Structure formats: C-alpha cells, structure tokens
Amino acid sequence: MKIISIYGVARQSGKTTIAEEMALISRKKGYKTLLVDLDIHDGDVTKRLQLDPYPNISNWCEDIYRKSRKTSIINIEYDQANWQPFLQKHMSGLTVLATNTNPKLPYYGNIFYEIKIIYDSIRQSDFEVVIFDMGNDSSSFNYMILEESDYPVLVVDTFRYNVQALRNFLWDAQDVHFPVEKFKLLFNREPTAIEELPEKVGQDFKLPVIGVLPEINHRETMAPDEFNNKLSALLEAIMK
Ligand SMILES: Nc1ncnc2c1ncn2[C@@H]1O[C@H](COP(=O)(O)OP(=O)(O)OP(=O)(O)O)[C@@H](O)[C@H]1O
Ligand SMILES: [Mg+2]
C-alpha cells in the first residue's frame with residue numbers, strides 16, 4: 001500500500017485537482033484506490049465527483065464519537081468490513097470517503113483521535129493506493145497524516161507565487177520538529193519569467209521537486225492531456 005497525502009501551503013493551489021486526477025488515474029491503472037476528502041472545513045470532492053452527500057467522513061467520525069461514550073477512544077478499532085458503510089463508489093470504480101457535511105465537526109468530539117482511528121483503519125486495509133486531499137490548516141491531524149503517509153506532497157502554485165508562504169510553512173513545521181525532509185515538492189503550473197525556477201526552489205529548501213504540472217487548457221475531450229500524463233508518470237514512479 002502507498003498512502004499519498006496532498007497538501008499545499010496556500011488555498012487554491014490545485015490540491016484537489018491533483019488528488020482527484022491521481023486517484024482516477026490510479027483506479028484506471030487497476031490499483032484498488034481510495035480517495036479521502038480530509039479537507040474538513042471546505043472539502044469539495046463530493047461536489048466535483050458528483051457523489052451523494054452521504055455517507056461521508058463525518059458519519060465515520062460520529063460513529064467513533066458514539067463508540068467513545070462506551071469505550072475509551074484509544075481502544076476503538078475497525079475491521080475493514082465495519083467501515084465499508086462509510087464509503088461511496090464513483091462511477092469510475094474509484095472508492096471515496098466523501099466530504100464532511102457536519103459543520104461542527106472540527107470542534108466536537110476528539111477530532112485528532114477520530115482521524116487517527118480512520119487513518120489506522122485505512123492503513124490496515126487492502127487498498128493499494130490511498131490519496132488524502134487535505135485542507136490548508138496546520139492542525140495536528142494534518143501534521144499526523146503528513147508524517148505517517150508514505151508520500152507527503154506539498155503543492156506549490158507558482159502561479160500565485162507562494163514561495164514565501166512555503167518558507168514560512170517549513171519554518172513552522174520545523175519548529176514543531178516535523179520531519180520536513182520527508183516532503184516532496186510538486187509545482188502546479190510553469191513559473192513565469194519573473195518567478196524562481198522550481199529546481200532553484202528545491203535546492204534552496206533542500207527538497208526534491210517531483211514534477212512541474214502544466215496549465216490545464218480547456219478540456220474538450222476526455223483524452224489524457226499533458227497534465228494527466230505527468231501525474232500518471234509520477235504515480236508509476238511512486239509505485240515502483
Ligand atoms: N494546472 C492547472 N491549470 C489550470 N487550472 C488549474 C490547475 N490546477 C488547478 N486549477 C484550477 O484552480 C482552482 C483551484 O484548484 P483546486 O480546487 O484543485 O485547489 P485546492 O488547492 O484544492 O483549493 P482549496 O484550497 O480551495 O481546497 C480550480 O478552479 C482548478 O480548476
Ligand atoms: Mg481542495
């Protein structure tokens with residue numbers, strides 16, 4: 001199993017586009033794939049994939065919360081069959097843990113433990129590829145997912161030039177002793193002439209640049225374009 005987490009230091013950097021396309025590509029290649037919408041505050045995977053609102057990740061959190069009234073939360077465990085009811089199937093065959101619908105979610109129960117239980121359950125499952133689409137907050141559960149995943153990706157959107165935001169994010173992460181050397185940088189969109197080159201940014205931060213994705217032009221057909229092809233090659237490299 002490979003767990004890939006897609007994080008970005010700025011909003012709108014292309015995390016969901018990348019997570020979703022990579023999950024669909026993975027499924028198409030024949031891997032048993034799960035896409036998780038972990039953007040608790042503002043996820044849009046359900047909408048984008050035209051799924052049903054329910055079931056979703058908040059139903060699973062609520063189930064854990066209910067169980068934690070009877071058992072100490074640290075003892076709660078799930079077999080794969082027991083969390084199947086929280087999943088949806090997209091028409092492509094991709095399995096999805098859909099977008100949160102509970103506006104109270106981050107503020108009730110014990111969200112860190114709930115997400116940890118969900119993560120541990122997924123880790124023990126028979127999915128071959130799991131992709132986490134994440135929000136932007138530096139919450140403890142986000143750090144936990146980034147630290148535990150096999151392949152934590154930081155999306156850098158040069159289009160909006162957030163290299164300074166990347167620097168600040170890495171400082172903060174280092175400050176809480178996060179193993180920042182685990183991060184891989186994925187540039188979304190080619191830099192313009194006035195922006196720093198991805199290789200230069202990678203050297204400055206001492207982090208590998210795993211790709212530079214092109215601008216998606218108007219998609220008239222479903223045929224794979226350069227954006228898909230680059231993500232496909234990246235997934236191949238990760239699965240090796
Ligand atoms: N390479 C690209 N070329 C053209 N448009 C793109 C590209 N990547 C992302 N976009 C567009 O940018 C917008 C933001 O993308 P997306 O929703 O994937 O970002 P996000 O990081 O998940 O945002 P949020 O922080 O709101 O979750 C969308 O309209 C998307 O279609
Ligand atoms: Mg998103």
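Above: the structure in question.
Cut-offs used in this document
- Residues numbered from 1 in each chain as written.
- Chains lettered and ligands numbered in written order.
- Predicted model: local features only at pLDDT ≥ 70, side-chain atom pairs only at ≥ 80, totals over all residues.
- Heavy atoms only, no water.
- Near = heavy atom within 4 Å.
- Polar contact = N/O pair within 3.5 Å; in protein donor to acceptor, adjacent residues only side chain to side chain.
- Areas by Shrake-Rupley, 256 points an atom, 1.4 Å probe, with all protein chains shown as cover.
- Helix = DSSP H or I, 4+ residues; strand = E, 2+ residues; numbered from the N terminus.
- Nonpolar A, V, L, I, M, F, W, Y, C, P; charged D, E, K, R; others polar.
- Buried < 20%, exposed > 50% of the residue type's maximum accessible area, 1.4 Å probe, protein only.
- Pairing = 2+ DSSP bridges.
- Salt bridge = Lys/Arg side-chain N within 4 Å of Asp/Glu carboxyl O.
- Core = buried A, V, L, I, M, F, W, Y, C linked by side-chain atoms within 4.5 Å.
- Contact = heavy atoms within 4.5 Å.
- Axes fitted to C-alpha atoms, helices over the stretch in contact; angles between N-to-C directions.
- Parallel < 35°, antiparallel > 145°, perpendicular 65-115°, else oblique.

Undergrad: Which residues make up the site of ligand 1, and what values go with them?
TA: Surveying the vicinity of ligand 1 reveals 16 residues, the closest of which are K15, T16, T17, R189 and I216. Contacts to ligand 1 include G14, whose backbone N or O atom sits 3.0 Å from an oxygen atom. Expressed as a share of its isolated accessible area of 630 Å², the protein-covered part of ligand 1 is 81%. For the shell around ligand 1, the element with the highest residue contribution is helix α1 (residues 15–28), accounting for three residues. Broken down by class, the residue content of the shell around ligand 1 amounts to three nonpolar, seven polar and six charged.

Undergrad: I'd like to hear about the pairing of strand β1 (residues 2–8), residue by residue, with values.
TA: Two faces belong to every sheet, and in a regular strand the side chains alternate between them. Most of β1 is tucked away: six of the seven residues are buried. Inspection of the sheet shows β1 paired to strand β5 (residues 129–134) by five bridges, in the parallel sense. Each bridged residue has a counterpart across the sheet, and for S5 the counterpart in β5 is F132.

Undergrad: Talk me through the pattern of salt bridges; I want residue IDs and the actual numbers.
TA: As enumerated under the stated definition, the model contains 15 salt bridges in all. For K32, the salt bridge goes to D126, with nearest N and O atoms at 3.7 Å. You can see K32 sitting in the loop between α1 and β2 (33–38) and its partner D126 sitting in the loop between α5 (111–123) and β5, a full 94 residues away along the chain. Through salt bridges with shared partners, one network takes in R11, D39 and D42.

Undergrad: Just give me the short version of the nonpolar core, but keep the residues and values in it.
TA: Grouped together as the largest cluster of nonpolar side chains are 51 residues, with contacts concentrated most on I115 and F132. The element contributing the most residues to this core is α5, with six residues. Not counting residues within four places of it along the chain, the set of residues in contact with F132 comprises I3, I4, S5, I6, V36, L38, Y119, I122 and I145. I25, A98, Y151 and L213 belong to the second largest nonpolar core, which has 26 residues in total.

Undergrad: Help me get a handle on the packing of helix α3 (residues 57–67) against α5, residues and values and all.
TA: Two numbers describe how α3 lies on α5: the axes approach to 10 Å, and their chain directions differ by 110 degrees. With respect to each other, α3 and α5 are oriented roughly perpendicular. Contacts from I57, W60, C61, I64 and Y65 in α3 reach I111, E114, I115, I117, I118, S121 and I122 in α5.

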